[in-house]
Amino acid sequence: MKHLTIAWKLREIADLLEFLNENPFKVRAYRKVARRLEHLTEDLEQIYKEGRLTEIVGIGKSIAQRIEEILIYGDSPYLKELKSRVPEELAELLEIPGVGPKMASKLHDMLGISTVTELEAALQAHKIRELPGMNNKTEANLIRSLRLLRTGSGKIFLRFAFFIGRDIIARLERVKGVKQLEIVGSARRYKESISNLNLLAAAEDGEELLRVFTNLTNCQKVIKRKENSALILTQDGVFVELFVVEPEDYPLRLVMTTGSKAHLKQLERLAERRGWRTEYNYWFDETGKRLIFESEEEVYESLGLKYIIPELREGEGEIEAAMEGRLPRSVRLDQIKGDLHIHTRWSDGVNTIEEMAKEGQALGYKYMAICDHFRSLKVANGLSISMLMEQMKAIDELNAQFTDFYLLKGIEVDILKDGQLDFPDELLAQLDLVVASIHSEFRGSKEELTNRLIAAMENPHVDIIAYPTGRLINQQNPYMIDMERVLRAAKETGTVMEVNASLDRLDFYDKYLKICKTLGVKVAINTDAHSIKQLGYMEYGVGMVRRGWLEDIDVINTYSRDQLLAFLKR
């Protein structure tokens, strides 16, 4: 967990160095190391204790010192010193998604803007469009970014929440008398980002469990403590609340702490129709007797409902579907037979093809698609045509060694501003799989961006559109596109839409997945992994697809190898 915290602090150092016009090589060095740490598979503290920090590619004595400071003291004096050199209120601008150091400097130097409030005033007066290099589209994007800041501030990535939650659970499960312990709330429903983390425990000695919880080494501060719950702030800046109940109350409370308000309201209405009374998370029958359930399934069965999986408990038609027997046979993680979008050391990945393939086999996969970047994406060390040909040969040689596993030869190509691809068609035809995505020039009009995506889908060689909305959680707004029009085009062209399970993506929302289901558009759940560790992100993509009511027939990487290859050649 600390390697992620330190990676974020190193990125913050890099941003501040760039803002202060420091050596660009220094800026890139910090960003590269931050990225290395995000992919780290070993325990960073153990590496430090063994004196091996400088063995990590890119870490010299200076950056090693910063990491050591953070590991020991929880912060870096160097980071504090950099922050002191930036106008205090200017830090607000850098918190706005899409506002980097260069734009913040221009806004500050040319308009005297140093706060969000001042930026809002300038936007209302249409002053931004008058600045060099900016226009009315810049203003529109900033307005959307401010809206995202207000609604998304304080959100944490789903995977990070699970990382922290599972670490805490592993520690608390050792406490005597703990019977059950689980992550609940919106995280259990696999919302792509959450405000705080909730845990539910069944324990014989709740007092002791809460004492251990509030004294965890990762606890920075105890915010509140009640008889049956406690809220803490972790060293990572995440609020975690633990609720403790008697073992017999656990099934009902699990239902009550998982569903959305709308879902729970509907359950309460059904209970009231039976003459039951709901009060303080307890249910009482018509005689006043408190109802005890053996499982969540029994709770739903008592109301005349089929069991509803956590991901569907949003109050968006699942109650009616459960009554009428229309619930989907939701796709499961164990049905995923491969990952169709991964990167290797050939471009900007960390691991070799062999290492990624070995991990894929360990996960039980039958196939994986190597989709390194092409040359136009220079920041990602994109492949030249000659390098791609070499890689294809290397993949053929590896496939000759496998018996029950197959590597697809793929590429991730960039969708250019006019909708064309940065790759010749005659070479695309030689590949098993083509993933297309937008990496730049994504601030066009809604019509321009929509037409751009559709033009790419009309290329007969394009199989998958990666991260269709372009959203980066708390960092970048979705593209301004007409998604329904895009999905209709996907149906016509047979193009697959990607559910990107990457840490900060999860951008293809459940509402779009439901449209895919209606139209018959297929999806692929991919991790976009740049390291073997990131292959484990698949769980979060599956969670998103389950939220979208999709089944295995809707997801192409639940297909067998032969079915998949036949589908791609159709």
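- Per an unreviewed UniProt entry, the protein goes by DNA-directed DNA polymerase and derives from Anoxybacter fermentans.
- Under the UniProt heading Cofactor (unreviewed entry), the note attached to the protein is "Mg(2+)".
- Check the Catalytic activity (unreviewed entry) section of the UniProt entry for the protein; it says "DNA(n) + a 2'-deoxyribonucleoside 5'-triphosphate = DNA(n+1) + diphosphate".

A word on the sheet that holds strand 7 (residues 239-245)
Thought 1: The strand order across the open sheet built from five strands is 2-4-7-6-5, with neighbouring strands paired in mixed fashion. With one partner strand each, in any of the chains shown, strand 2 (178-184) and strand 5 (219-225) form the two edges of the open sheet. The sheet shows a mean angle of 20° between the axes of neighbouring strands, direction not considered.
Thought 2: The sheet contact formed by strand 4 (residues 197-203) and strand 7 spans six bridges and is parallel. When the bridges of strand 7 are listed, Leu197 appears paired with Val240.
Thought 3: Here helix 12 (residues 206-213) sits on the sheet and contacts strand 2, strand 4, strand 5, strand 6 (229-234) and strand 7; the angle it forms with strand 7, its principal contact strand, is near 170°.

With respect to helix 18 (residues 385-399)
Thought 1: Helix length check: helix 18, at 15 residues, gives a terminal C-alpha distance of 21 Å against a target of 21 Å (1.5 Å per residue), a fit within 8%.
Thought 2: Buried within helix 18 are the following residues: Leu388, Gln391, Met392, Ile395, Leu398 and Asn399. Buried residues of helix 18 fall within an arc of 120° about the axis and therefore sit on the same side.
Thought 3: In this structure, the buried residues of helix 18 make contact with helix 17 (353-362), strand 11 (367-370) and strand 12 (406-414).

Some thoughts on the nonpolar core
Thought 1: Counting 118 residues, the largest nonpolar core has Leu197, Leu242, Leu407 and Ile411 as the members making the most contacts within it.
Thought 2: Of the residues forming this core, the biggest block, eight residues, is contributed by helix 10 (residues 158-172).
Thought 3: If you count residues domain by domain, this core takes at least three from each of domain 2 (156-245) and domain 4 (333-568).
Thought 4: Membership of the second largest hydrophobic core comes to 45 residues, among which are Val33, Ile70, Leu79 and Ile96.

Things to note about the pairing of strand 7
Thought 1: Taking burial as the measure, the seven residues of strand 7 include five buried ones, the bulk of the element.
Thought 2: Hairpin connection, strand 6 to strand 7: the antiparallel pair is bridged by four residues, and Gly237 has positive phi, about 80°.

Looking at unusual backbone geometry
Thought 1: Unusually for a residue other than glycine, Asn281 sits at a positive phi of about 65°.
Thought 2: In this structure Asn281 comes out as partly exposed when scored by relative accessible area, which is 34%.
Thought 3: The backbone of Asp528 sits at a positive phi, close to 55°, despite the residue not being glycine.
Thought 4: Secondary-structure assignment places Asp528 in the loop between strand 16 (523-526) and helix 23 (538-547).

Describing the packing of aromatic side chains
A ring pair, where both rings are aromatic, is described by two values, the distance of the centres and the angle of the planes.
Thought 1: Taken as a whole and assessed by the stated rule, the structure comprises twelve aromatic pairs.
Thought 2: Between Trp283 and Phe293, the ring centres sit 6.0 Å apart and the planes meet at 90°, which makes this aromatic pair edge-to-face. Of this pair, Trp283 sits in strand 9 (residues 282-284) while Phe293 sits in the loop between strand 9 and helix 15 (296-302), and the two are ten residues apart along the sequence.
Thought 3: Under the relative-accessibility criterion, Trp283 is labelled buried at 0%.
Thought 4: Phe293 sits in the buried class, given a relative accessible area of 7%.
Thought 5: Between Phe374 and Phe423, the ring centres sit 4.4 Å apart and the planes meet at 65°, which makes this aromatic pair edge-to-face. On the criterion of sequence distance, the pair formed by Phe374 in the loop between strand 11 and helix 18 and Phe423 in the loop between strand 12 and helix 19 (425-428) is long-range, its members being 49 residues apart.

Some remarks on the domain arrangement of the protein
How large an interface is tends to be reported as the accessible area lost when its parts come together.
Thought 1: Along its sequence, the protein is carved into domain 1 (1-151), domain 2 (156-245), domain 3 (254-324) and domain 4 (333-568).
Thought 2: Between the C-alpha centres of domain 1 and domain 2 the distance comes to 30 Å.
Thought 3: In this assembly, five residues from domain 1 lie in contact with eight residues from domain 2.
Thought 4: Linking domain 1 to domain 2 there are zero salt bridges.
Thought 5: On inspection of domain 1 and its partner domain 2, the count reaches zero residue pairs in polar contact (both at pLDDT 80 or more).
Thought 6: A per-class count over the side of domain 1 that touches domain 2 returns three nonpolar, two polar and no charged.

About the thresholds
- Residues numbered from 1 in each chain as written.
- Predicted model: local features only at pLDDT ≥ 70, side-chain atom pairs only at ≥ 80, totals over all residues.
- Heavy atoms only, no water.
- UniProt positions renumbered as here; feature names shortened; annotations may be inferred.
- Pairing = 2+ DSSP bridges.
- Helix = DSSP H or I, 4+ residues; strand = E, 2+ residues; numbered from the N terminus.
- Axes fitted to C-alpha atoms, helices over the stretch in contact; angles between N-to-C directions.
- Contact = heavy atoms within 4.5 Å.
- Expected span 1.5 Å × (residues − 1).
- Buried < 20%, exposed > 50% of the residue type's maximum accessible area, 1.4 Å probe, protein only.
- Arc of directions from axis to C-beta.
- Core = buried A, V, L, I, M, F, W, Y, C linked by side-chain atoms within 4.5 Å.
- Domains from an automatic or database assignment.
- Phe/Tyr/Trp six-rings, centres within 6.5 Å; stacked < 30°, edge-to-face > 60°.
- Salt bridge = Lys/Arg side-chain N within 4 Å of Asp/Glu carboxyl O.
- Polar contact = N/O pair within 3.5 Å; in protein donor to acceptor, adjacent residues only side chain to side chain.
- Nonpolar A, V, L, I, M, F, W, Y, C, P; charged D, E, K, R; others polar.

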